[in-house]
Amino acid sequence: MKHSKKRMIATIFIVGFMILLTFSFLYPLFYMLNNALKTRADYYTNPFGLPVQVTLENFRAIIKDYNIGRNILNSLIIAVVSTTLVVLSSAIASYAFAKMRFKGKKIAYIVILSTMFLLAQITMIPRYAMFAKLGMVDQLWSVILVYWAGGVSGAILLMRSAFMGISNEVIESAKLDGAGFFTTLFRIVVPMGFSGIAIVIIFQFINAWNDYLTPLLYLESQEKKTLMVVLSGMVTKYGDFPTRQFAGLFLSVIPTIVIYLCLQKYMLKGVSTGAIK
């Protein structure tokens with residue numbers, strides 16, 4: 001009886017904590033959307049209440065007046081292309097490190113992982129100088145290459161761990177059936193180790209989408225800037241229009257929410273598998 005009572009109390013505590021945690025994550029999203037649908041007068045009258053009159057004027061204003069659609073497209077191009085490059089290159093390297101034998105394998109792996117400990121600020125100035133000499137400043141590719149180079153080492157660490165759990169017998173069977181390196185990788189290894197790849201996709205996309213410093217440094221013209229850089233400028237332009245700032249902020253979180261919802265089951269599977277190991 002005592003054990004059942006303690007278990008019930010523990011369950012109530014855990015459920016209550018999870019509800020509180022869920023509320024703390026969802027309320028900021030609700031607050032942004034709620035105020036983005038208000039008029040400015042309505043916001044100043046009651047910033048925490050529901051809209052008296054729902055309006056989409058704030059979204060129309062930032063999209064039309066600020067031409068934010070182009071900046072959203074820039075952010076999408078950078079995030080999608082850099083994430084794709086990181087996943088493809090890291091999958092190839094991870095498969096080699098996890099399932100192949102070659103001379104210098106451990107040394108190469110350690111060298112690649114050691115780049116994770118290099119601070120971005122250390123390479124910022126020489127990297128900018130290099131891109132300037134190559135004429136790549138104010139080009140989306142400069143930001144994409146930075147994200148690609150910065151994301152590979154961490155992605156290899158995660159993917160290699162996922163690929164290590166794949167049975168060697170499955171891979172050997174594929175080779176006996178005539179499957180080559182890339183056939184085995186993309187038809188056998190990638191589907192079976194997709195939980196680790198999903199984690200890489202989520203982290204890499206969110207990092208590329210939310211980053212402010214890198215595009216601020218390399219992209220100078222207004223039409224090349226990313227959404228996060230443009231949103232920072234709205235603080236000055238729309239300082240007396242907080243509802244428009246909320247509209248821009250809400251638009252900025254939609255892609256990250258979508259990518260997480262699409263891949264969350266694979267991410268949870270990867271985390272649980274790693275915990276069991």
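Refer to the structure printed above.
Rules behind the numbers
Residues numbered from 1 in each chain as written. Predicted model: local features only at pLDDT ≥ 70, side-chain atom pairs only at ≥ 80, totals over all residues. Heavy atoms only, no water. Phe/Tyr/Trp six-rings, centres within 6.5 Å; stacked < 30°, edge-to-face > 60°. Lys NZ or Arg CZ within 6 Å of the ring centre and 35° of its normal. 1 Å grid on protein atoms, 1.4 Å probe; cavity = no way out; pocket = protein on both sides within 12 Å on 5 of 7 lines; lining within 4 Å. Points joined across faces, edges and corners; volume = space filled by probe spheres on them. Helix = DSSP H or I, 4+ residues; strand = E, 2+ residues; numbered from the N terminus. Nonpolar A, V, L, I, M, F, W, Y, C, P; charged D, E, K, R; others polar. Buried < 20%, exposed > 50% of the residue type's maximum accessible area, 1.4 Å probe, protein only. Arc of directions from axis to C-beta. Core = buried A, V, L, I, M, F, W, Y, C linked by side-chain atoms within 4.5 Å. Contact = heavy atoms within 4.5 Å.

Colleague: Honestly, the packing of aromatic side chains in this entry has me stumped. Any pointers?
Modeller: Given two aromatic rings, their pairing is described by the distance between the two centres and the angle made by the two planes. Applying the stated criterion across every chain yields a total of 15 aromatic pairs. A centroid spacing of 6.0 Å and a plane angle of 45 degrees characterise the contact between Phe 97 and Phe 102, whose relative ring orientation is tilted. Members of the aromatic cluster, each reached through a chain of ring pairs, are Phe 23, Tyr 27, Phe 30, Tyr 31, Tyr 43, Tyr 44, Phe 48 and Phe 246. Here the basic side chain of Arg 160 rests over the ring of Tyr 109, its NZ or CZ set 4.5 Å away from the ring centre. It is Arg 244 that lies over the ring of Phe 241; its NZ or CZ is 4.2 Å from the centre.

Colleague: Explain empty space enclosed by the protein to me, please; I cannot follow it from the model alone.
Modeller: Taking a probe equal in size to a water molecule and rolling it over the atoms shows the remaining empty space. Under the criterion given, the structure shown has one cavity of 30 Å³ or more. Space inside the largest cavity adds up to approximately 40 Å³. If you go around the largest cavity, the residues you meet are Ser 75, Ile 78, Tyr 147, Ala 208, Trp 209, Asp 211, Pro 215 and Thr 226.

Colleague: Looking at this structure, I do not really get the layout of surface pockets. What am I missing?
Modeller: By volume, the largest pocket is sized at about 710 Å³. What lines the largest pocket is a set of 28 residues, among which Ala 120, Val 146, Ala 149, Gly 150 and Gly 151 lie closest to the centre. Those elements that place two or more of their residues in the lining of the largest pocket are helix H6 (120-133), helix H7 (140-164), helix H10 (194-210) and helix H11 (213-218). Take the lining of the largest pocket: its biggest share by element is nine residues, from H7. Of the residues assigned to the lining of the largest pocket, the class counts are 16 nonpolar, ten polar and two charged.

Colleague: Help me out: how do you make sense of helix H3 (residues 57-64) in this one?
Modeller: The α-helix advances 3.6 residues per turn, and as a result positions three or four apart in sequence lie on the same side. Of the residues making up H3, those classed as buried are Asn 58, Phe 59, Ala 61 and Ile 62. Along H3, the residues classed as buried sweep out an arc of 160 degrees about the axis, all on the same side.

Colleague: Sorry if this is basic, but what is going on with the nonpolar core here?
Modeller: Side chains that are nonpolar tend, in soluble globular proteins, to be buried together. Formed by 55 residues in total, the largest nonpolar core has its most connected members in Phe 59, Ile 78, Met 159, Phe 163, Val 189, Ile 197 and Met 234. Those elements that provide at least two residues to this core are helix H1 (2-36), H3, helix H4 (68-99), H7, helix H9 (181-192), H10, helix H12 (227-237) and helix H13 (242-276). The leading source of residues in this core is H7, at nine residues. With near-sequence residues (within four places) excluded, Phe 163 lies in contact with Ala 91, Ser 94, Tyr 95, Ala 98, Lys 99, Val 189, Gly 193 and Ile 197.

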